[in-house]
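# Survey of secondary and tertiary structure
This is what each chain is made of:
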Amino acid sequence: MFWLATVAVVAGCAVGPDFETPAAPEVDRYTAQPTPAQTASTPVHGGEAQALVIGEQLPVQWWQLFGSPKLDALVQQAFANSPTVLSARATLTQAQEILRAQHGAQVPTVDAGLGAQRQKTFMNFDEPSVIGPMNLYNAGVDVAYGVDLFGGLRRMIEAQGAQVDFQRYELQAIYLTLAGNVVTAAVQEASLREQLASTRSMLESQQERLRLSEKQFELGAIAFADVLSARSELSTLRAQLPLLQQELAAVQTQLAVYLGQLPMQRQTTDFSLDELVLPKNLPLGVPSELVRRRPDVLAAEATLHRASAEVGVATADLFPKFTLAASYGGQSDQFSGLFDNPIWSIGANLTQPLFHGGTLTAQRRAALAAFDAAGHDYRQAVLNAFKNVADSMQAVYADAEALNAQFAALNASEESLGLTEQQYRLGGVGYFGVLVVQRQAYQARINYVQRLASRYQNTAALMHALGGGWAADTDLEALSFSQPPAAAENGTTTAIPATANRSN
C-alpha cells in the first residue's frame, strides 16, 4: 500500500506557478500635476462648478446623477434589450457550465452496463447436438479514476475558472460602456435638437429680413447688393439645416441600436439639456484602487491568471499520468443467477511520456511566452485606465472653462446684435453689417449649446473611466436592470453570481 500513500501525497501538489494578483500602483492622484479642487462655474443651468473628490466612490447606478427619469429609462431599456448584453450573458453561462463539466473530472466515473442475448450452440458438427436456444444476461459496473498526480487537471480547472472571471468582467464592461454610450448619445440628441431649433428660428428671422430688404430695394432705400447679401446669407443658413437633420437622424438610429430596436421602432424621447442636472460632486475613488474597479483591467488580470494556469497544464503534460480502474459484473442463463459466478477486476495504468518530438517542451515554452505576453497586456490595460481618467479629468476642467468663455461670447454677440439693429434702424449701419453681426450671434448660440452638451458628455466619460462605481465583486444580478423583463415574467432568470461559481 506504500504506492497508494505516495500517490495521495503527490496528488496534493500542482506543478506550475501559483497565480498572484498583480500589485496595484502606489499612487495618490491620477494626473501628473495636482488639479484644482473644483472647476470653473458659469451663471447658467449646467454651468455649475464641479468638485472632484478623491476617496469617495461613485454610486453603482451612476447615470442617475444626471437627475433625468427619461435618461434612466433609456439606460434600463438598453440593458434589458441590447443583443450585445444578451450575447455576453449567454457566453458567461457557457463558460460557467464548461467549468462545472471540468469539475466532474475530479471524481471517479461510474458506468453501468446491462446486456441480453438469445443464442443457440452447436456442439458437434459430425453428430450435431444442439444446446439452446437459451437466454444469456450480463451486467456490470465499471469505475475509473484519473489520479491528478501533478495537478494538470486542477490547473485546467483553474484556467477555466479564470475564463469565467474574464467573461464576467467582459459583461461588466459591456454594461458600463453601454450606459456611457446611451448617456452620450442622448445628450448629443438633445444638443442637436436645440441646434436645429436655433437654426430654424434664425431662418425665420432671415426670411423676414429678406422680405423687408426686397421691399426697401423696391422703394430705393437700399442697393441691390444688400438684397443679394440677404439671399446669400439665407441660402447658407438653409444649407446647415439638412446637415444638422442628418446628424440628428444618425444619432437617433445609433441610440435605437443601443436600445435593441430597429430605427423605425424607436419612439424619440424629447428631453432637453435643461432637464439634465450636472453632478456637482464627482467622486474619484482612491487612485490606487482603480485597477479593482475597471472591468477591462480585471479582464486583463483574468487573462493573465488563465495564462498562468495553462503553464501548469503544459508542465504537467511532461510528467506521468496515473489511472485507476475497477469493474465488477456477472453473467447468467436460465439455469443460474445473474451473479452466481461474479467477475471482478482492478488495475492501475501509468503513462510516462518518452519521446514526442519536442512537442511537449515546445508547448510549455509557448505557454510561458503567452504568460509573459499576458503580463505586458495587463500592464498596458493599467496604463490605459489611468490615461483615460487623467484625460477625462482634464476634459471636465477644460469644458468648464470653455463654457464660461462661450457664455460670455454669447452674451456679447447678442448685445452687439441688439445695438447693431438699433443703429440700422437709425441709418447708422448698413444692412451687410447687420447680417455679419447676426451671423456671429447665431454661431455663438450654436457653440454655446455644443459646449454645454460637452460638459455633460465628458462628465459621463469621466464616470465611465472610473469604472462607474463598480467593483470586482459587484453583483449584476442584484441590480434592477440585469434581467430582461420578458425572461423575468417567464421565470427563466439566469443567475450571475458575484464571483465565478466553481462548484460542481
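Here's a quick rundown of the structure. (Residues numbered from 1 in each chain as written. Predicted model: local features only at pLDDT ≥ 70, side-chain atom pairs only at ≥ 80, totals over all residues. Heavy atoms only, no water.)

### A closer look at a nonpolar patch on the surface
Put simply, the test is: Only residues whose relative accessible area exceeds 30% and that form no salt bridge enter a patch; like-charged residues are grouped when within 9 Å of one another, and nonpolar side chains (Val, Leu, Ile, Met, Phe, Trp, Tyr) when within 5 Å. Each accessible area is a Shrake-Rupley estimate made with a 1.4 Å probe; only the visible protein chains count as cover when residues are assessed. A pairing counts as a salt bridge when a side-chain nitrogen of Lys or Arg comes within 4 Å of a carboxyl oxygen of Asp or Glu. A helix here means a DSSP run of H or I that spans at least four residues, while a strand means a run of E at least two residues long, and both kinds are numbered starting from the N terminus.
Together, Phe217, Phe224 and Leu228 line one region of the surface with nonpolar side chains, adding up to about 260 Å² of accessible area. Mapped onto the secondary structure, phenylalanine 224 falls in helix 5 (residues 224-258).

### Considerations on the nonpolar core
For the record, the criterion: In this description, a nonpolar core means a group of buried Ala, Val, Leu, Ile, Met, Phe, Trp, Tyr and Cys residues linked to one another through side-chain atoms lying within 4.5 Å. Only protein chains enter the accessibility calculation, which uses a 1.4 Å probe. A residue is then buried if its area is under 20% of the maximum for its type, exposed if over 50%, and partly exposed in between. Contacts are assigned to residue pairs that have any heavy atoms within 4.5 Å of one another.
Counting residues in hydrophobic clusters, the biggest one holds 87 residues, and the most contacted among them are Phe66, Leu273 and Leu462. For this core, the secondary-structure elements that each account for two or more residues are helix 2 (69-81), helix 3 (83-103), helix 4 (152-218), helix 5, strand 4 (281-285), helix 6 (295-316), helix 7 (359-425) and helix 8 (431-465). Here this core gets 19 residues from one element, more than from any other, and that element is helix 4. Those residues in contact with leucine 462 that lie beyond four places of it in its chain are Leu52, Leu282, Leu284, Val389, Ser392, Met393 and Val396.

### Regarding the pattern of salt bridges
On inspection of all chains with the given rule, the structure shows twelve salt bridges. Put simply, glutamate 214 and arginine 231 hold a salt bridge, and the shortest N to O gap is 3.3 Å. You can see glutamate 214 sitting in helix 4 and its partner arginine 231 sitting in helix 5, a full 17 residues away along the chain. For glutamate 414, the salt bridge is made with arginine 445, and the minimal N-O distance between the two is 3.2 Å. Linking glutamate 414 in helix 7 with arginine 445 in helix 8, this pair joins segments that are 31 residues apart in sequence. According to the relative accessible area criterion, arginine 445 is partly exposed, its value standing at 29%. Here the salt bridges do not stand alone but share partners, grouping Asp18, Arg155 and Glu158 into one network.

### Remarks on the packing of aromatic side chains
For clarity, the threshold we go by: Classification of ring pairs rests on two measures: the distance between centres of Phe, Tyr or Trp rings, Trp counted by its six-membered ring, which must be within 6.5 Å, and the angle between planes, read as stacked under 30 degrees, edge-to-face over 60 and tilted in between.
A full pass over the atoms with the stated rule returns eight aromatic pairs. Judged by centre distance (5.1 Å) and plane angle (50°), the ring pair of phenylalanine 217 and phenylalanine 224 falls under tilted. Taken together, the ring pairs connect Trp62, Trp63, Phe79 and Tyr175 into an aromatic cluster.

### Notes on the side chain of glutamine 50
Quick reminder of the rule: As used in this structure description, the phrase polar contact means that two N or O atoms lie within 3.5 Å; if the pair is within protein, one of them must be able to donate a hydrogen and the other to accept it, and residues adjacent in sequence are counted only when both atoms belong to side chains.
Locating glutamine 50 in the fold gives a position in the loop between helix 1 (2-10) and strand 1 (51-54). Within the local environment of glutamine 50, its side chain forms a polar contact with the backbone oxygen of proline 279, the two atoms lying 2.9 Å apart. Within the local environment of glutamine 50, its side chain forms a polar contact with the side chain of threonine 459, the two groups lying 3.3 Å apart. Filtering out sequence-adjacent residues up to four positions away, glutamine 50 remains in contact with Ala37, Gln38, Thr39, Leu278, Pro279, Lys280, Leu282, Val396, Arg455 and Thr459.

### Examining the environment of leucine 419
Position of leucine 419 among the secondary structure elements: in helix 7. Since its relative accessible area comes to 48%, leucine 419 is described here as partly exposed. Note: C-alpha distance between leucine 419 and valine 434 (15 residues apart in sequence) is 9.7 Å.

### A short note on the side chain of threonine 31
Looking at the secondary structure, you find threonine 31 in the loop between helix 1 and strand 1. Looking at threonine 31, the relative accessible area reads 9%, which means it is buried. Of the polar contacts made by the side chain of threonine 31, one reaches the backbone oxygen of glutamine 33; its length is 2.6 Å. If sequence neighbours within four positions are ignored, threonine 31 has contacts with Ala390, Met393 and Gln394.

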